[in-house]
Protein chains: 2
Amino acid sequence: MQLLFPLVTSDVALFTLIDQRLRVLLVQRAEEPAMGKWALPGGILRPDVDENLEETAKRALSSKACVSVRQLEQVATFSGASRDPRGWSISTLYYALLPSDQVPALAGIRTEAVRWEDPENHKQPLAFDHAQLLDNALRQLRDKVAGGALPLQLMPNKFTLTDLQRACEAIAGHPYDKGAFRRQIKDHPALLAIDGEFLRGAQRPAQVYRTAMDFRF
Amino acid sequence: MQLLFPLVTSDVALFTLIDQRLRVLLVQRAEEPAMGKWALPGGILRPDVDENLEETAKRALSSKACVSVRQLEQVATFSGASRDPRGWSISTLYYALLPSDQVPALAGIRTEAVRWEDPENHKQPLAFDHAQLLDNALRQLRDKVAGGALPLQLMPNKFTLTDLQRACEAIAGHPYDKGAFRRQIKDHPALLAIDGEFLRGAQRPAQVYRTAMDFRF
DNA sequence: GCAATAGTGTCTATTAGACAATATGGG
DNA sequence: CCCATATTGTCTAATAGACACTATTGC
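These numbers come from a predicted model, not from an experiment.

**Q** Help me understand the interface of chain B and chain A in this model?
**A** Quite often, the size of an interface is put as the accessible area lost when its parts meet. Every contact between the two is made by 21 residues of chain B and, on the other side, 21 residues of chain A. Summed over both partners, the interface of chain B with chain A comes to about 1600 Å²; 65% of that surface belongs to carbon and sulfur atoms. Taken together, chain B and chain A are joined by 0 salt bridges. Between chain B and chain A we count 9 residue pairs in polar contact (both at pLDDT 80 or more) in total.

Shown next as structure tokens:
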């Protein structure tokens, strides 16, 4: 006998850069079903609390991993009787990007542990159908960057064009040409040079940029 | 007081070509809420019957408009407390393409009437947030065709390359260049010339094509 | 000067768009 | 032949990739 109503959840693939490599947040489940297994952070819809499913996703990120993000991108919705042992379930999947300097990685209330892992080579099999969910999120992120979008939410407050190129390369999985990359982003409206500010190392100083949108502050 | 469980539905933007113009199927609601208003065909999830939300969408198309389609593309999921007067609701939106020669346009069981309308200039305001849903579906269809995908599910069994170009133009909303279009689709694997079959009119005969996939028969 | 990286310029193969030229039927 | 459309070819501007060149710092 099936439930009359489905279980409605929201899951998030939260990406960040660690040492210039793309990583996704996994949490170890602290309850049944699939207790002990690793999964994308997610939570059950609470119609009395959540304005919409995006809020469910944000609440899940907040409670399971003590992380708050500004913007979520919806990937797709997965549904069916067999994807969760509790019965007929629906999960709307989002992805989000977080600058590496905002990675707290604290264990949340109902979670045993969190971990940042390579989204392409996650060691253990994930709980439920979360491997498929992660594949979908990664593909959508890659398509967007391949289409010319800049992953600005992944960048810290101040960054150089080389930093930005490394971020795109980490997502795409292959190196970019410097000249072509700079040509492409040359007139991006969200990209502002901070006049007179340079990053100095053992080489020619690099112009420091920030995003035009009020992502932070 | 909100419901403990949300209302879960699936809606479909079903597109076809009528006189070489893109049209979307609207149904007039026969029940409250929004009785008498026009809306995208949709239905409520039945976990005891539907394998997943895509099946919900197919069942809705079948019962509301006596139409059956093979393939649905998921567009997005809309959710919240205010989009449906019955309370907190979720709707997963799909779009589908139907060849004009399979348009029955019969009124279904619980529907007053069906109508094929211009998806860009639908006269009356649609029920619920369906205008927004339709916008999203149309944008996704256009993006896909602009990205080089061929709307083969929109074509009849046999068609000419000019027919196919007209279909793409109807979706894109602007004319294509003949030479560029033919170059682009020249090596499309799903496009097969029917050897020796030509469409004859008051001009040079046109090669007739069919799709390689087993869409029909 | 040398190392290292930033930033810019150049060359070329490919491509998309515009448009011309040719082909082939009906009348 | 003329008309209408199918089909193919050509020219060109724009573009992406590869790669080279110059610039500017620390040491």
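So much for the structure itself; the text now carries on.
**Q** Is there a simple way to explain the protein's contact with DNA strand D in this structure?
**A** Taken together, 18 residues form the shell around DNA strand D, and within it Arg183 and Arg204 of chain A together with Thr162, Lys178 and Gln207 of chain B come nearest. Here glutamine 207 of chain B contributes a backbone N or O atom positioned 2.7 Å from a phosphate oxygen of DNA strand D. For the surface near DNA strand D, the elements supplying multiple residues, two or more each, are helix H4 (178–185) and strand S10 (206–211) of chain B. With 4 residues, the single largest contributor to the surface near DNA strand D is H4 of chain B. Of the residues in the surface near DNA strand D, the class split is 4 nonpolar, 6 polar and 8 charged.

**Q** What is the right way to look at the domain arrangement of chain A in this model?
**A** Residue and element names in this part refer to chain A. Assigned domains within chain A: domain 1 (7–146) and domain 2 (152–211). Of note, the centres of domain 1 and domain 2, computed from C-alpha atoms alone, are 28 Å apart. Listed as interface residues are 15 residues of domain 1 and, on the opposing side, 13 residues of domain 2. Roughly 1100 Å² of surface becomes buried between domain 1 and domain 2 when both sides are summed, with 64% attributable to carbon and sulfur atoms. Looking only at domain 1, the three residues that lose the most surface to domain 2 are Leu17, Leu97 and Val145, adding up to 40% of its buried area.

**Q** Help me understand the relation of the copies chain B and chain A, please; the structure alone is not making it clear to me.
**A** Each of the two chain copies can be brought onto the other by rotation about an axis and movement along it. Once turned by 180 degrees and shifted 0.0 Å along the axis, chain B lies on chain A with an RMSD of 0.0 Å. Put plainly, the chains are arranged around a two-fold axis.

**Q** So what exactly am I meant to see when it comes to the sheet that holds strand S8 (residues 159–160) of chain B here?
**A** Two pairing modes exist for strands in a sheet, parallel and antiparallel, and in both the strands are linked by backbone hydrogen bonds. All names here are of chain B. The strand order across the open sheet formed by 3 strands is S8-S10-S9, and the pairing between neighbours is antiparallel. Each end of this open sheet is capped by a strand with a single partner; those strands are S8 and strand S9 (191–199). Pairing analysis gives 5 bridges linking S9 to S10, with the strands arranged antiparallel. The partner of leucine 199 across the bridge, within S10, is alanine 206.

**Q** I'm lost on the pattern of salt bridges in this one. Help?
**A** Where charged atoms from two side chains of opposite charge come close, those side chains can pair. Within the structure shown, the criterion is met by 20 salt bridges over all chains. Between aspartate 129 of chain A and arginine 83 of chain A there is a salt bridge, with the nearest N and O atoms lying 2.8 Å from each other. Of this pair, aspartate 129 of chain A sits in the loop between strand S7 (111–117) and helix H2 (130–146) while arginine 83 of chain A sits in the loop between strand S5 (73–80) and strand S6 (89–97), and the two are 46 residues apart along the sequence. Overall, aspartate 129 of chain A belongs to the buried group, its relative accessible area being 14%. Between lysine 158 of chain B and glutamate 197 of chain B there is a salt bridge whose closest N-O contact spans 2.8 Å. Within this pair, whereas lysine 158 of chain B is found in the loop between helix H2 (130–146) and S8, its partner glutamate 197 of chain B is found in strand S9, the two being separated by 39 residues in sequence. Of the residues examined, glutamate 197 of chain B reaches a relative accessible area of 26% and is grouped as partly exposed.

**Q** Sorry if this is basic, but what is going on with the environment of proline 99 of chain B here?
**A** Residue and element names in this part refer to chain B. As for its position among the elements, proline 99 is in the loop between strand S6 (89–97) and strand S7 (111–117). Judged by relative accessible area, proline 99 falls into the buried class, the value being 3%. As for proline 99 and leucine 61, which are separated by 38 residues in sequence, their C-alpha atoms are 15 Å apart.

Parameters at a glance
Residues numbered from 1 in each chain as written. Chains lettered and ligands numbered in written order. Predicted model: local features only at pLDDT ≥ 70, side-chain atom pairs only at ≥ 80, totals over all residues. Heavy atoms only, no water. Contact = heavy atoms within 4.5 Å. Buried area = accessible area lost by both parts, 1.4 Å probe. Salt bridge = Lys/Arg side-chain N within 4 Å of Asp/Glu carboxyl O. Polar contact = N/O pair within 3.5 Å; in protein donor to acceptor, adjacent residues only side chain to side chain. Near = heavy atom within 4 Å. Helix = DSSP H or I, 4+ residues; strand = E, 2+ residues; numbered from the N terminus. Nonpolar A, V, L, I, M, F, W, Y, C, P; charged D, E, K, R; others polar. Domains from an automatic or database assignment. Least-squares fit on C-alpha atoms with pLDDT ≥ 70 in both. Pairing = 2+ DSSP bridges. Buried < 20%, exposed > 50% of the residue type's maximum accessible area, 1.4 Å probe, protein only.

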